[in-house]
Amino acid sequence: MTHVEDELISQPACWTRVAAEAPGHRAALPAPGERVALVGCGTSFFMAQSAAALRESTGQGETDAFAASEFPHGRAYDRVVALTRSGTTTEVLDLLAELRGRTRTTAITADPHTPVRAAADDLVVLDYADERSVVQTRFATTALTLLRAHLGLHTDAVVADARTALATPLPEGLVDSTQFAFLGRGWTVGLANEAGLKMREAALAWTETYPAMEYRHGPISISTSGTATWMLGEAPEGLAEQVGATGALWVPSALDPLAELVRVHRLAVAVAAAKGLDPDQPRHLTRSVILAP
């Protein structure tokens, strides 16, 4: 078993633990009414997108998400929350340093023994969700579960769906697809972005991601036999039929969208195995991007 396989199957346990711990982290996380920005790089940026959409849609306050390198320094926020598994990513550390003394910052990390401890005002440590694989699975989803629980949006049903996602066979023929499109709506657009990234990282797969309603505006033209179009969350009316008419495989969302992402993790490992790839060590990638001064 690869590290990523071992890590992805532990997600239900990690989610249960972090949801129980969420009240203890309340002071470090955004309060209702605060103007908040969530930042990260790669997978952490996509989790920030999902969390930001959830927070704002539930009336907790204006919430934006940015890649750490694209943070708009001309905007004022009450708090900036950085997601960083390693605690060493250059863009995140540089941003936190620039915000020091001007904006309250929180870092959610897997490793407290890194520079992020000194860089952020508040620290949330999810060390039990740390990973040996370069490819992120459980840290990302555990961090998002923490933020969902903080918003009062996590339930035991989400964990049950994750267990179902691990136990249920993938749709027949899905692993043999030659191109994958992942679609989302609202908070699941970030999940769709992450699904596409996971397939590219672990399996070198040709993937695209879109807001679901945008798929009709051009991208559907590439759908054909051999394409799999996976909807994370509720699909727009009529889209499944339109995609099916192209000859593509339509994969509906039967579970909580975060649990659907667990199914994507399994698909990425399966496609990597079919190609003879090591999903723990994707080419050209490292656990953290640390730039030279």
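Look up: the structure comes first, before these words.
Residues numbered from 1 in each chain as written. Predicted model: local features only at pLDDT ≥ 70, side-chain atom pairs only at ≥ 80, totals over all residues. Heavy atoms only, no water.

Some remarks on the sheet that holds strand E7 (residues 207–211)
As a general point, the strands of a sheet are linked pairwise by backbone hydrogen bonds and lie either parallel or antiparallel. The condition is simple: A pair of strands counts as paired when DSSP detects no fewer than two bridges linking them. The helix and strand labels rest on DSSP assignments: H or I over at least four residues marks a helix, E over at least two residues marks a strand, and numbering proceeds from the N terminus. Axis definition: a line fit to C-alpha positions, over the contact stretch in the case of helices; interaxial angles, taken between N-to-C directions, run 0 to 180 degrees. The contact criterion used throughout is that any non-hydrogen atoms of two residues lie within 4.5 Å.
Spatially, E7-E6-E8-E9 is the arrangement adopted by the 4 strands of the open sheet, whose pairing is parallel. Two strands close off the open sheet at either side, each with one partner strand: E7 and strand E9 (249–251). Across the sheet, the mean angle separating the axes of adjacent strands is 20° when strand polarity is ignored. Bridge count between strand E6 (residues 179–184) and strand E8 (residues 227–232): 6 bridges; the pairing is parallel. Paired with Phe180 across the bridge in E8 is Ala228. Here helix H8 (residues 188–203) sits on the sheet and contacts E6, E7 and E8; the angle it forms with E6, its principal contact strand, is near 160°. On top of the sheet, helix H10 (residues 257–275) reaches E6, E8 and E9; it is set at about 155° to E8, its chief contact.

Examining the pairing of strand E1 (residues 36–40)
Short version of the rule: For every residue, the accessible area (1.4 Å probe, protein chains only) is compared with the maximum for its type, and the residue is labelled buried under 20%, exposed over 50%, or partly exposed between those bounds.
The buried fraction of E1 amounts to 5 of the 5 residues, a majority that puts the element mostly inside the structure. Side chains of E1 alternate between two faces, with Val36, Leu38 and Gly40 and Ala37 and Val39 buried alike. Sheet analysis places E1 next to strand E2 (residues 63–67), joined by 5 bridges and oriented parallel. From the neighbouring strand, Val39 faces E2, where its bridge partner is Phe66. Across 4 bridges, E1 lies against strand E3 (residues 79–84) in parallel orientation. In the sheet register, Val39 faces E3, and the bridge partner there is Ala82.

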